[in-house]
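# Structural description and commentary
Each chain, written out:
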Amino acid sequence: MATSSRIVVVGGGYAGLTAAARIAEGKTDATVTLIDRKSEFIERIRLHEIAAGSEPRDLGYKDFMECRGGNFHRGGVSGIDLARQLIELEGQDTIAWDTLVYALGSFTDVDSVPGVREHAVSLDDLGECRELFGRLFEAPKGTKLLIVGGGLTAIEAACEFAERFPQLEITLAVGNKFEAHRKPGGLSAGAIEHLRNTFDRLSVNVIVGDRVTSVEKNSAVIGDDNTLPFDLCIWAAGFSVPTLAKESGLAVNDSGQIRTNRSLASFSHANVLAVGDSAEVIAEIGGRCRMSCATGRPMGEMAAKTILGRLLAESSTPFEFGYSFRCISLGREDGLIQFVDEKDCPTDDVWTGKRGARWKEYICQRTLQGIGFDVDIGDPPDTPPARI
Ligand SMILES: Cc1cc2nc3c(=O)[nH]c(=O)nc-3n(C[C@H](O)[C@H](O)[C@H](O)COP(=O)(O)OP(=O)(O)OC[C@H]3O[C@@H](n4cnc5c(N)ncnc54)[C@H](O)[C@@H]3O)c2cc1C
């Protein structure tokens, strides 16, 4: 394959920014340009904390890229012309590429259930979360907050808000099941028990059994005909990916994620690599990667390795990734660390309470450091029972 000279990374999340940083640090002759609609990296895994009143760090893309010899272009990507190898930006601009890294991530799915887009809010971006903080902060005693979702985002949000805003009456609608299982992505019996105790401690009312089937103004329909009244509804029940990949003609799976090979190159277009939530990646060891920052960062490292390998005409190795734990914040004083095997199946090892909270905080910091930000993370606060 011909040496590529213009490398463009679209999307500066955990996956894309990691890729852009490592490629720029490779000090090849190639130019590396990161494109994002925002001017700074937002720690998406802390958005629920921002909605509870914390302030984000200042993590601007421009300086970050330029000090590595790369470039940053702020803009919204509106299309990808694969034939002419152009990124089309909102407005008239285009940016040419020889190798493209697609890392546009994901966002809350607000279209699969009727009424969500109109009547619920989500934890998707900084502006939305700051606005939500204003509403939660001002909310009078007894305000009914409904959080819909059974995944980690919904759990983290429910606990964060219950701790920070005790005047709220919080209901968490988790869907069909909330029980231990050993499959990938599952939680152990000890983890479920700790979560249930935490919900009790924080007075979060958990509804299990039926799914929310539609959302209306101030109420959600659950199951066939039950309604859950709310003053404010936060939707955290699953992510979607942008449709740009499919629209451009890249091979995608049913969810719209770009299908990739073991080097993270697109099945259909070898000069496009895909990483993070918007990529379908099957890793050696870990298997199918779930949408997460935990998988996105290593994918970014791998994409950079593939591209640098191509530039230097070195052979590439397949993407190897195995899971080790999942971190869930439960407010500022409590956390749950579920240790897992390499395929993301839970073991019996869990850390809870302050021990879990300290580890979660350490991992958030270590993630930033792993991308390349200058953060002093200190020594690990604990020794996990698994490889990390
Ligand atoms: C509240 C919350 C808590 C979470 N906690 C965890 C956790 O504890 N652990 C974990 O592993 N995961 C967690 N996640 C999930 C995790 O944040 C995502 O899986 C992860 O951010 C995906 O990384 P990414 O790089 O693929 O994409 P993203 O982080 O989504 O980044 C995509 C980037 O692309 C940019 N972009 C998108 N579209 C365009 C466009 N058209 N033009 C220009 N730029 C564009 C965006 O601005 C963004 O910077 C959490 C998510 C939320 C919402």
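Please read these numbers as outputs of a predicted model, since none were measured by experiment.

Residues in contact with the ligand amount to 31 residues; listed here are only the nearest, Asp36, Arg44, Val77, Asp277 and Lys360. A distance of 2.8 Å separates a nitrogen atom of the ligand from a polar backbone atom of Val77. At 3.5 Å from an oxygen atom of the ligand is found a main-chain nitrogen or oxygen belonging to Ser106. Burial of the ligand by the protein chains amounts to 90% of its free accessible area of 1,000 Å². Elements that contribute at least two residues to the shell around the ligand include exactly α1 (14-25), α6 (152-164) and α9 (293-311). When residues of the shell around the ligand are assigned to domains, at least three fall in each of domain 1 (6-106 + 241-321) and domain 2 (109-176 + 211-238).

Another point: the pairing of strand β4 (residues 77-81). The buried fraction of β4 is high, at 4 of 5 residues. Here 4 bridges tie β4 to strand β5 (residues 86-89), and the two strands are oriented antiparallel to one another. By the bridge assignment for β5, Val77 is matched with Leu89. In textbook terms, the turn of a hairpin is the stretch between consecutive antiparallel strands, and for β4 and β5 this stretch comprises 4 residues, one of which, Gln85, has a positive phi near 55 degrees.

This part is about the environment of His48. Relative to the helices and strands, His48 resides in helix α2 (residues 47-51). Owing to a relative accessible area of 4%, His48 belongs among the buried residues under this scheme. A sequence separation of 78 residues divides His48 from Leu126, and the C-alpha atoms of the two residues are 9.8 Å apart. Setting aside residues up to four positions removed in sequence, His48 forms contacts with Leu123, Glu156, Ala157, Glu160, Phe161, Ser329 and Arg332. Reaching out from His48, the side chain makes a polar contact with the side chain of Ser329 at a distance of 3.0 Å.

Our focus in this paragraph is the sheet that holds strand β23 (residues 325-329). Strands sit in the order β23-β24-β25 across an open sheet of 3 strands; the sheet is antiparallel. Here the strands that pair on one side only, and so sit at the sheet edges, are β23 and β25 (346-351). Pairwise comparison of adjacent strand axes, ignoring direction, gives a mean angle of 20 degrees for this sheet. Packing of helix α7 (residues 189-201) onto the sheet brings it into contact with β24 (335-340) and β25, and relative to β24 it is tilted by some 170 degrees. Set on the sheet, helix α10 (residues 353-371) makes contact with β23, β24 and β25; between it and β23 the angle comes to about 105 degrees.

Turning our eyes to something else, we now look at the pattern of salt bridges. As enumerated under the stated definition, the model contains 29 salt bridges in all. In this structure, Arg297 engages Glu301 in a salt bridge whose closest nitrogen and oxygen atoms are separated by 2.9 Å. Of the two residues, Arg297 and Glu301 both sit in helix α9, 4 residues apart, roughly one turn of that helix. Taking the relative accessible area as the measure of exposure, Arg297 reaches 16% and is therefore buried. According to the relative accessible area criterion, Glu301 is partly exposed, its value standing at 26%. One salt-bridge network, in which partners are shared between bridges, spans Glu43, Arg46, Glu49, Arg57, Glu160, Arg332 and Glu361.

Attention now moves to the domain arrangement of the protein chain. Per the domain assignment, the segments making up the protein chain are domain 1 (6-106 + 241-321) and domain 2 (109-176 + 211-238). A separation of 30 Å is found between the C-alpha centroids of domain 1 and domain 2. It is His48, Ala51 and Ala52 that lose the most area in domain 1 upon contact with domain 2, and together they represent 49% of the buried surface on that side. Across the pair Glu55 and Arg130 runs a salt bridge whose closest N-O atoms are separated by 2.9 Å. The interface formed by domain 1 and domain 2 includes 2 residue pairs in polar contact (both at pLDDT 80 or more). Looking at the side of domain 1 that touches domain 2 residue by residue, the classes come out as 7 nonpolar, 2 polar and 3 charged.

Another aspect to go through is the pairing of strand β15 (residues 232-235). By the alternation rule, side chains of β15 split into Leu232 and Ile234 and Cys233 and Trp235, which are all buried. Where strand β9 (residues 144-148) meets β15, 4 bridges bridge the pair, whose relative direction is parallel. Following the sheet pairing, Val148 is matched in β15 by Trp235.

What follows is about the nonpolar core. Core analysis: the biggest nonpolar cluster contains 72 residues, and Leu17, Phe41, Met65, Ile87, Tyr102 and Phe319 have the highest contact counts within it. Discounting residues that sit within four places of it in the chain, Phe319 has contacts with Arg262, Leu264, Val281, Ala283, Glu284, Cys289, Pro298, Met299 and Met302. Residues Leu123, Ala162, Leu187 and Ile192 belong to the second largest nonpolar core, which totals 39 residues.

Calculation rules
Residues numbered from 1 in each chain as written. Predicted model: local features only at pLDDT ≥ 70, side-chain atom pairs only at ≥ 80, totals over all residues. Heavy atoms only, no water. Near = heavy atom within 4 Å. Polar contact = N/O pair within 3.5 Å; in protein donor to acceptor, adjacent residues only side chain to side chain. Areas by Shrake-Rupley, 256 points an atom, 1.4 Å probe, with all protein chains shown as cover. Helix = DSSP H or I, 4+ residues; strand = E, 2+ residues; numbered from the N terminus. Domains from an automatic or database assignment. Buried < 20%, exposed > 50% of the residue type's maximum accessible area, 1.4 Å probe, protein only. Pairing = 2+ DSSP bridges. Contact = heavy atoms within 4.5 Å. Axes fitted to C-alpha atoms, helices over the stretch in contact; angles between N-to-C directions. Salt bridge = Lys/Arg side-chain N within 4 Å of Asp/Glu carboxyl O. Buried area = accessible area lost by both parts, 1.4 Å probe. Nonpolar A, V, L, I, M, F, W, Y, C, P; charged D, E, K, R; others polar. Core = buried A, V, L, I, M, F, W, Y, C linked by side-chain atoms within 4.5 Å.

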